[in-house]
Amino acid sequence: MVGDKLIIGVISDTHMGDRVDKIPKEVYKQFSDVDIIIHCGDLTSKSILDELNDMAEVIAVKGNMDHLELPREKVLNIENFKIGIIHGDIIYPRGDLLKKKYYSLEKDLDVLISGHTHIPLIKEIKIPELNKKILLLNPGSPTVPRFPLKTIMKIEIKNNMIKPNLIPLQIK
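Presented here is a report on the structure given in the accompanying data block. (Residues numbered from 1 in each chain as written. Predicted model: local features only at pLDDT ≥ 70, side-chain atom pairs only at ≥ 80, totals over all residues. Heavy atoms only, no water.)

## What to know about the sheet that holds strand β9 (residues 151-158)
Note the following rule: Any two strands with at least two DSSP bridges between them are considered paired. Starting at the N terminus, helices and strands are each numbered in turn, a helix being any DSSP run of H or I of at least four residues and a strand any DSSP run of E of at least two. Angles here are taken between N-to-C directions and fall from 0 to 180 degrees, while the axes themselves are lines fitted to C-alpha atoms, restricted in helices to the stretch in contact. In this description, contact between two residues means that some pair of their heavy atoms is separated by no more than 4.5 Å.
Across the sheet, 5 strands lie side by side as β3-β2-β1-β9-β10; this open sheet has mixed pairing. Two strands in the sheet have a free side with no partner beyond their single neighbour: β3 (57-60) and β10 (161-168). Pairs of neighbouring strands in the sheet enclose a mean axial angle of 20°, with direction left out of account. The sheet contact formed by strand β2 (residues 36-39) and β3 spans 4 bridges and is parallel. Bridged to Ile 38 within β3 is Ile 59. Along the sheet, helix α2 (residues 46-53) contacts β1 (6-11), β2 and β3; its crossing angle with β3, the most-contacted strand, is approximately 145°.

Structure below.
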């Protein structure tokens, strides 16, 4: 933690070993200042966990392509935020915002971070009748995107505010 600011690196759908041999070097550069790394699944190799653990504590969930012993979902309480982490394959249709909203409400989450779609997302859902907001996040994929850019995400938590930042990778 830098001062009173917590920085979280978020990555998903790396598919190490089954689709790519290595993670782009820029991921490590971008994550050099993070306090925690969240991996939203489809690691497909333990080597990515080992590499990321050399940088910061890693919290990972199991994706539909993973054979690692990881939880399917995780809930973190950071500052005043209840943050849920899933791969996203339990949401059908794939990436459906309404289903993510209901999942978040059932779990009483402030933030839901997921992967699976390989498409980045930063979306705040307002629910006025409950006086609640839910932040839906997806970092995309740094290796096999379904979006024109390879992406990761960083989240800054400071002064009871949460600020996600999508980072397009400059792959050479």
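## A word on the sheet that holds strand β6 (residues 111-113)
Here we have 5 strands laid out as an open sheet, ordered β4-β5-β6-β8-β7, and mixed in their pairing. Among the strands making up the open sheet, the edge pair consists of β4 (73-78) and β7 (121-127). Between one strand axis and the next, the sheet turns through 20° on average, direction left out of account. As defined by bridge partners, β7 adjoins strand β8 (residues 132-138) across 7 bridges and the pair is classed as antiparallel. By the bridge assignment, Glu 124 is partnered in β8 with Leu 135. The strands touched by helix α3 (residues 97-106) are β4, β5 (81-86), β6, β7 and β8; relative to β8, the strand with the most contacts, the crossing angle is about 120°.

## Examining the pattern of salt bridges
Using the following cut-off: Salt bridges are identified by distance alone: a Lys or Arg side-chain nitrogen within 4 Å of an Asp or Glu carboxyl oxygen. Note on exposure labels: buried denotes an accessible area under 20% of the residue type's maximum, exposed denotes more than 50%, and partly exposed covers the range between, all computed with a 1.4 Å probe on protein chains only.
Applying the stated criterion to the full structure yields 7 salt bridges. When the shortest N-O distance is used, the salt bridge between Lys 46 and Asp 50 registers 2.7 Å. Of this pair, Lys 46 and Asp 50 both sit in helix α2, 4 residues apart, roughly one helical turn. Here Asp 50 falls in the partly exposed class, since its relative accessible area comes to 37%. One salt bridge in this structure joins Asp 110 and Lys 132, with 3.5 Å as the shortest N-O distance. Here Asp 110, found in the loop between α3 and β6, pairs with Lys 132, found in strand β8; they are 22 residues apart in sequence, far enough to count as distant.

None of the figures reported here should be taken as evidence of function without further support.
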